Amino acid sequence: MAKYLIETFYNCSIKVSHYLDKIDDNEIENLEKRDDGKFEILDIKLDKRNTKNLNKKITIDTNNKTVEINNSQIKNNKISNTIENKVSGENKNIENTNKRFSMPDRRKGYIQKASIGDHKVYLHTGEYEDGKIGEIFIDTSKEGELVKALMNNFAIAISLGLQYGVPLDEFVNAYVDTKFEPSGKVLGNDRILSATSILDYIFRELAISYLNREDLAHTPSINTNDKKGSDDFESQNQFLKLVKDITSKGFVRNNYKEKLIDLSDIRINLKGKK
C-alpha cells in the first residue's frame with residue numbers, strides 16, 4: 001500500500017487550430033463545440049507540488065482524552081463522527097469570528113461633554129441590551145473640517161471593530177497615553193482630571209465606564225466608602241437590578257446610587273372622587 005501521495009499542478013498553454021470552409025458569426029460562436037480541432041502544446045510550467053503522508057497520525061480530543069489514529073482507521077464510524085464534529089466546531093468558531101453583531105435599532109448609551117484645554121469634546125456611546133458598548137461617536141469644537149472628518153471616521157472604525165468582536169480593552173491598551181495636542185487639564189469629567197490627547201481621554205473614559213478600570217481614573221470611585229457587605233445586598237435587591245438592566249451602564253457608572261430615586265415604598269391612590 002502506498003504511503004505518500006504527490007500531487008503536481010501545471011500551467012499549460014495550448015493552441016487549437018480549426019480548418020473551416022467558411023467563416024460567419026454562427027461558426028465563430030460554436031467554434032469551441034467542434035471536435036475537429038488540432039491541439040498543440042505551446043508551453044508547460046510547474047505551478048506547485050503537494051506531498052501528503054497517507055499514514056500521518058491525526059490527534060483528536062474525546063472526553064478530554066487525546067487519541068492518535070492513522071488515516072486508515074478513520075473508517076470507524078464513531079471516530080469519523082468525532083472528527084467531523086471537531087472540524088464542524090472549528091468552522092463554526094471561524095464563522096462567529098467573522099460575524100458582525102449589529103446594534104439594536106433602539107439602544108442605550110450616554111453623552112459625556114468635557115473640555116481639554118480650549119477644545120470641547122463630546123463622546124457619544126451606544127450599547128447592546130446587555131450593557132456592552134458597541135459604538136462611539138466623537139464631536140469636537142474649534143477643529144477644521146479635515147480633523148472632524150478624521151475623528152468621525154476613526155469613531156466608525158472603532159465601532160465596527162467592537163461590533164466584530166474586538167475587545168474594548170484592546171483599544172484601551174492601544175490608545176491610552178497617546179500624546180498629541182490638545183492635551184492638559186480636563187474639565188467636565190468627574191473621574192479624569194488630565195489627558196495627554198483626545199484619544200487618551202476618550203479611552204480612559206470608556207475603560208472606567210465599561211471595564212471598571214479604576215487604575216486609569218484620577219479620582220476615587222463614589223463607592224469606595226461603601227460598607228462591607230453592601231455588594232451582597234445590592235445583588236439581592238431586585239429594584240436596583242431592574243434599573244441597572246434598563247439604564248445605560250456607562251451613564252450610571254459606579255455612582256448610580258446618587259442618581260436613582262427609590263419609589264418602591266410609595267403608594268399611589270388611583271381611586272377617583274365620588
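## Some remarks on the sheet that holds strand β8 (residues 184–187)
In a beta sheet, neighbouring strands are held together by backbone hydrogen bonds and run either parallel or antiparallel to one another.
Move 1: Taking strand neighbours across the sheet as the criterion, the 5 strands line up as β7-β6-β5-β8-β9 in an open arrangement whose pairing is antiparallel. Both outer strands of the open sheet, β7 (133–140) and β9 (194–195), are each paired with one neighbouring strand and no more.
Move 2: Here strand β5 (residues 111–116) runs beside strand β6 (residues 119–127); their pairing, made up of 6 bridges, is antiparallel. Along β6, the bridge assignment pairs Ser115 with Lys120.

## A closer look at the packing of aromatic side chains
Move 1: A complete count under the given rule lists 4 aromatic pairs for this structure.
Move 2: What links up through ring pairs into an aromatic cluster is the set Phe154, Tyr175 and Phe203.

## With respect to the pattern of salt bridges
Move 1: A full pass over the atoms with the stated rule returns 7 salt bridges.
Move 2: Taking the shortest distance from any N to any O, the salt bridge between Asp177 and Arg204 comes out at 3.0 Å. Placement of Asp177 in the loop between α4 (168–175) and β8 and of Arg204 in helix α5 (residues 198–211) is noted, with a sequence separation of 27 residues between them.
Move 3: Among the residues examined, Asp177 registers a relative accessible area of 48% and is labelled partly exposed.
Move 4: Among the salt bridges present, the one from Glu214 reaches Arg191, with a minimum N-O distance of 2.5 Å. Within this pair, whereas Glu214 is found in the loop between α5 and α6 (230–236), its partner Arg191 is found in the loop between β8 and β9, the two being separated by 23 residues in sequence.
Move 5: You can call Glu214 partly exposed: its relative accessible area is 30%.
Move 6: By relative accessible area, which is 4% here, Arg191 ends up buried.

## Side note on the pairing of β7
Side-chain direction in a regular strand flips from residue to residue, so the side chains alternate between the two faces of the sheet.
Move 1: Across the 8 residues that make up β7, a large majority, 6, are buried.
Move 2: In this structure, β6 lies alongside β7, joined through 7 bridges in antiparallel fashion. Within β7, the position partnered with Glu127 by the bridge is Ile133.
Move 3: Following β6, the chain reverses through 5 residues before pairing antiparallel with β7; Gly131 in that reversal takes a positive phi of roughly 95°.

Calculation rules
Residues numbered from 1 in each chain as written. Predicted model: local features only at pLDDT ≥ 70, side-chain atom pairs only at ≥ 80, totals over all residues. Heavy atoms only, no water. Pairing = 2+ DSSP bridges. Helix = DSSP H or I, 4+ residues; strand = E, 2+ residues; numbered from the N terminus. Phe/Tyr/Trp six-rings, centres within 6.5 Å; stacked < 30°, edge-to-face > 60°. Salt bridge = Lys/Arg side-chain N within 4 Å of Asp/Glu carboxyl O. Buried < 20%, exposed > 50% of the residue type's maximum accessible area, 1.4 Å probe, protein only.

Don't take any of this as a statement about function, it's just geometry.
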